[in-house]
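Geometric and topological summary
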There are 2 protein chains.
Amino acid sequence: MIKCHLSRLMGEKKLKIVDVARETGVNRGTITRLYHETASRVELDVIEALCRYLDCEVGELFEYVNEK
Amino acid sequence: MIKCHLSRLMGEKKLKIVDVARETGVNRGTITRLYHETASRVELDVIEALCRYLDCEVGELFEYVNEK
DNA sequence: CCAAAATGTTCTCCTGAAGATCATTATGCA
DNA sequence: TGCATAATGATCTTCAGGAGAACATTTTGG
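For clarity, every value in this text was computed on a predicted model and none was experimentally measured.

Things to note about the relation of the copies chain B and chain A
With an RMSD of 0.0 Å, the fit of chain B onto chain A corresponds to turning through 180° and sliding 0.0 Å along the axis. Classification of the inter-copy transformation places it as that of a two-fold axis. When C-alpha positions in chain B are compared against the rotation axis, the closest is assigned to Gly59(B), at 1.9 Å. Looking at the interface residues of chain B, 100% of them are also at the interface in chain A, so both copies use one shared face.

Focus: the protein's contact with DNA strand D
Near DNA strand D, the surroundings consist of 15 residues, among which Thr30(A), Ser40(A), Arg41(A), Val18(B) and Arg28(B) are the closest. Expressed as a percentage, the sugar and phosphate content of the atoms of DNA strand D within 4 Å of the protein is 64%. Taken together, the elements giving at least two residues each to the surface near DNA strand D come down to α3 (28–35) and β2 (41–43) of chain A together with α2 (17–24) and α3 (28–35) of chain B. Considering each element in turn, the surface near DNA strand D owes the most residues, 3 residues, to α3(A).

Notes on the protein's contact with DNA strand C
Val18(A), Arg28(A), Asn27(B), Thr30(B) and Arg41(B) are the nearest of the 14 residues found near DNA strand C. At the protein interface, 67% of the atoms of DNA strand C within 4 Å belong to sugar or phosphate. Interatomic distance of 2.9 Å between a side-chain N/O atom of Arg41(B) and a base oxygen of DNA strand C. Looking at the surface near DNA strand C, the elements that each hand over two or more residues are α2 (17–24) of chain A together with α3 of chain B. A class-by-class count of the residues in the surface near DNA strand C yields 4 nonpolar, 4 polar and 6 charged.

Conventions we followed
Throughout this description, residue numbers start from 1 for each chain and increase along the sequence as written. A letter from A marks each chain and a number from 1 marks each ligand, given out in the order of writing. Local features in this predicted model are restricted to residues of pLDDT 70 or higher, and side-chain atom pairs are both shown and tallied only at a pLDDT of 80 or more, whereas totals for entire chains, interfaces and linings draw on every residue. Side-chain descriptors were evaluated using all non-hydrogen atoms of the structure, hydrogens and water having been removed beforehand. Only residues with pLDDT of at least 70 in both copies contribute their C-alpha atoms to the least-squares superposition of the copies. Residues count as neighbours in contact if any of their non-hydrogen atoms are within 4.5 Å of one another. Any residue with a heavy atom lying within 4 Å of a molecule or strand is counted as near it. Secondary structure is summarised from DSSP: a helix means a run of H or I of at least four residues, a strand means a run of E of at least two, and numbering begins at the N terminus for each. Nitrogen and oxygen atoms within 3.5 Å of one another constitute a polar contact, given that in protein one can donate a hydrogen and the other can accept it, and given that sequence-neighbouring residues count only through two side-chain atoms. Residue type decides the class: Asp, Glu, Lys and Arg count as charged, Ala, Val, Leu, Ile, Met, Phe, Trp, Tyr, Cys and Pro as nonpolar, and the leftover types, Gly among them, as polar.

Structure (structure tokens):
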């Protein structure tokens, strides 16, 4: 599975969903879905905005978890 | 921007688009779009299938390139 | 205790992946 | 070299689900 670490990254920086939504320009609902890992599809623009805002790499945001 | 390194990864392993499509179960058109970096949205299932098949991490497949 | 902010929830709209098909190009073999 | 087959490119329709917005609920702090 692909795990999204947005909630951890946000937690470490003590960021709120509204903050991230406002600062990145990404819709709050979209941030919420990624935060709760209920999204199954992502816009590359969204990944870019998050990486820029959180100053992180794609690999820190999404992780491939091998599960057999 | 978000850069997709699928073409490089495939090149290193000398893989063809049809191979990747057949082995991952991902539609050939989707592989083609990622290969030519014309995709603007990605299914997490697709990322997972590619990471598993290419034995790589998400960060090796997608890279955040800061461009001001 | 109340007002404002944050989060959760639900709805519609619309984009682009999925899937199929056809055209074109590349490859291998006799 | 010519032909058959495979691979790729291009195009179209269908449809799942994210984007976005609005409303409901919960949380916060003053």
